[in-house]
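Secondary and tertiary structure notes
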Amino acid sequence: MEQINVFSDFLDELPDSAEPVWILGQCYDVKTEKSNLLSDISSRLWFTYRKKFSPIGGTGPSSDAGWGCMLRCGQMILAQALVCQHLGREWRWHPESKHPAEYHRILNCFLDKKDSCYSIHQMAQMGVGEGKSVGEWYGPNTVAQVLKKLAVFDDWNSLAVYVSMDNTVVIEDIRACGWGEFSGVSSSSPFRPLSHAHSYISPSWRPLLLLVPLRLGINNINPVYIQALKECFKIPQSCGVLGGKPNLAYYFIGLIGEELIYLDPHTTQSALDAEQGSYVDDLGYHCQRSPHRMKITSLDPSVALGFFCKTEEDFDSWCDLVQKEVLKKRNLRMFELVEKHPSHWPPFVPPTKPEVQTTGAEFIESTDKLFESEEEFEILNV
């Protein structure tokens, strides 16, 4: 097929070395696994600029070209979590294959319509609560906050989205997201109960998308963090990285040697005129061209790491791997992983749906009043 030939040309241009290619936690040998590598990359959902959709908010822009690239990358990292949740990491897309209903339902979540739960409309309008006007460029942290707030309205996926703060991932708080509150346990100390004296309000662990916004330098990425960043793509729970260059956002899905592999949203396609719940013409949602590569040293220091833990066992495994492989240099850590909620922080409150009954884009208006604006943080970790 033409797409395989195009990708094979790209592979032939890769450095002639024994370096493996890592794609979202899976390892490939360039010389012996070309077709499998191609299939994995083309199976990732690819969201780009779109034009000719209904105006955002009724009177706003009808295209996100020039400003929506980080929002599209946010869609891609969330879509990857949903694919892993419903279809599994091993699932592969082919343009001529019939795919399960769950796949089409995932795509429907991202259609460029106001009633799709993760549409450009919903994300842009939820961003107003983060201090961003519709049409303004976003950074990785702001997109992470928007995804966290939108996820509480997504009853089908029931995805827990945790966004770390102050370069610190708190295990206690993540368990609160995963298991919900417990009877007899304070919301400021929502540790998973170890005895039968407590009972669950939430019956089971919810699939978790863990987002870790970081600033890994001042103007450029500090070289001391490069190896740790590379290790993040090797962890089985890897869901990619949001980042890029100033005002150019990319969704990073892997690496080879000293280069990152990414999906680029800077292609403008026409919005699909599809009915909600219908099967979608999905050719434009999979990148069938050569993936882009970029030197790690060219990366803007503002990033957001993404990890998906479908089960609590996945999360426990992630904690072990991060401690051993990512945070092994005690004085040069990208972020901290701690057990207890810091005593000097405000109490942690898991995201919950507001007490309003709305559907579609209507909930944006009500949630703007319920959520306080969060400024883009600038934590210098140099």
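Cut-offs and rules
Residues numbered from 1 in each chain as written. Predicted model: local features only at pLDDT ≥ 70, side-chain atom pairs only at ≥ 80, totals over all residues. Heavy atoms only, no water. pLDDT = per-residue confidence, 0-100. Contact = heavy atoms within 4.5 Å. Salt bridge = Lys/Arg side-chain N within 4 Å of Asp/Glu carboxyl O. Helix = DSSP H or I, 4+ residues; strand = E, 2+ residues; numbered from the N terminus. Buried < 20%, exposed > 50% of the residue type's maximum accessible area, 1.4 Å probe, protein only. Axes fitted to C-alpha atoms, helices over the stretch in contact; angles between N-to-C directions. Parallel < 35°, antiparallel > 145°, perpendicular 65-115°, else oblique. Left-handed = near helix turned anticlockwise from the far one by under 90°. Nonpolar A, V, L, I, M, F, W, Y, C, P; charged D, E, K, R; others polar. Pairing = 2+ DSSP bridges. Phe/Tyr/Trp six-rings, centres within 6.5 Å; stacked < 30°, edge-to-face > 60°. Lys NZ or Arg CZ within 6 Å of the ring centre and 35° of its normal. Core = buried A, V, L, I, M, F, W, Y, C linked by side-chain atoms within 4.5 Å.

Focus: the confidence of the model for the protein chain
- Across the protein chain, the average pLDDT comes to 83, with 80% of residues at or above 70.
- This stretch, residues 1-12, has a pLDDT under 50; its non-local contacts, to residues over four places away or in other chains, come to 22 contacts.
- This stretch, residues 356-382, has a pLDDT under 50; its non-local contacts, to residues over four places away or in other chains, come to 61 contacts.

Some words on the pattern of salt bridges
- This structure, assessed with the given rule, holds 16 salt bridges.
- Lys230 is paired through a salt bridge with Glu258; the nearest N and O atoms lie 2.9 Å apart. Of this pair, Lys230 sits in helix α8 (residues 226-232) while Glu258 sits in the loop between β8 (248-256) and β9 (259-263), and the two are 28 residues apart along the sequence.
- For Glu258, a relative accessible area of 44% puts it in the partly exposed group.
- Among the salt bridges present, the one from Glu336 reaches Arg333, with a minimum N-O distance of 3.0 Å.
- Note on Glu336: relative accessible area 32%, which makes it partly exposed.
- We classify Arg333 as buried; its relative accessible area is 15%.
- Each of the salt bridges in this network shares a partner with another, and the network as a whole consists of Asp40, Arg44, Arg89 and Arg92.

Describing unusual backbone geometry
- If you check the backbone angles, Ser158 has positive phi at about 45° while not being a glycine.
- Positionally, Ser158 belongs in the loop between α6 (140-151) and β4 (160-163).
- Within the chain, Asn247 stands out as a residue other than glycine whose phi angle is a positive 65°.
- As for its placement among the helices and strands, Asn247 is situated in the loop between β7 (238-245) and β8.
- Overall, Asn247 belongs to the exposed group, its relative accessible area being 54%.

Considerations on the packing of helix α3 (residues 69-86) against α6
- Two numbers describe how α3 lies on α6: the axes approach to 10 Å, and their chain directions differ by 50°. Here α6 runs oblique to α3, going by the angle between their axes. Seen along the crossing, α3 lies across α6 with a hand that is right-handed. Listed contacts from α6 to Met70, Leu71, Gly74, Ile77 and Leu78 of α3 are Pro140, Val143 and Leu147.
- For the contact of α3 with α6, the per-class residue count stands at 7 nonpolar, 1 polar and no charged.

Focus: the pairing of β4
- Burial of the side chains of β4 extends over both faces: Ala160 and Tyr162 are buried on one face and Val161 and Val163 on the other.
- As paired elements, β4 and strand β6 (residues 208-215) share 4 bridges and run parallel to each other. Its bridge partner being in β6, Val163 is matched across the sheet by Leu211.

Observations concerning the packing of aromatic side chains
- Evaluated as defined, the whole model comprises 11 aromatic pairs.
- Ring pairing ties together the aromatic residues Phe47, Phe110, Tyr118 and Tyr285, which thus form one cluster.
- Lying across the ring of Tyr285, Arg50 places its NZ or CZ 4.5 Å from the centre.

A look at the nonpolar core
- Ranked by size, the top nonpolar core spans 70 residues in total, and within it Ile23, Leu45, Phe110, Tyr118 and Tyr251 carry the most contacts.
- For this core, the element with the most residues is α3, which contributes 12 residues.
- Excluding residues that lie within four positions of it along the chain, Phe110 makes contacts with Phe47, Gln75, Leu78, Ala79, Leu82, Ser116, Tyr118 and Ser119.
- Listed in part, the 47 residues of the second largest apolar core include Tyr162, Ile221, Ile226 and Val241.

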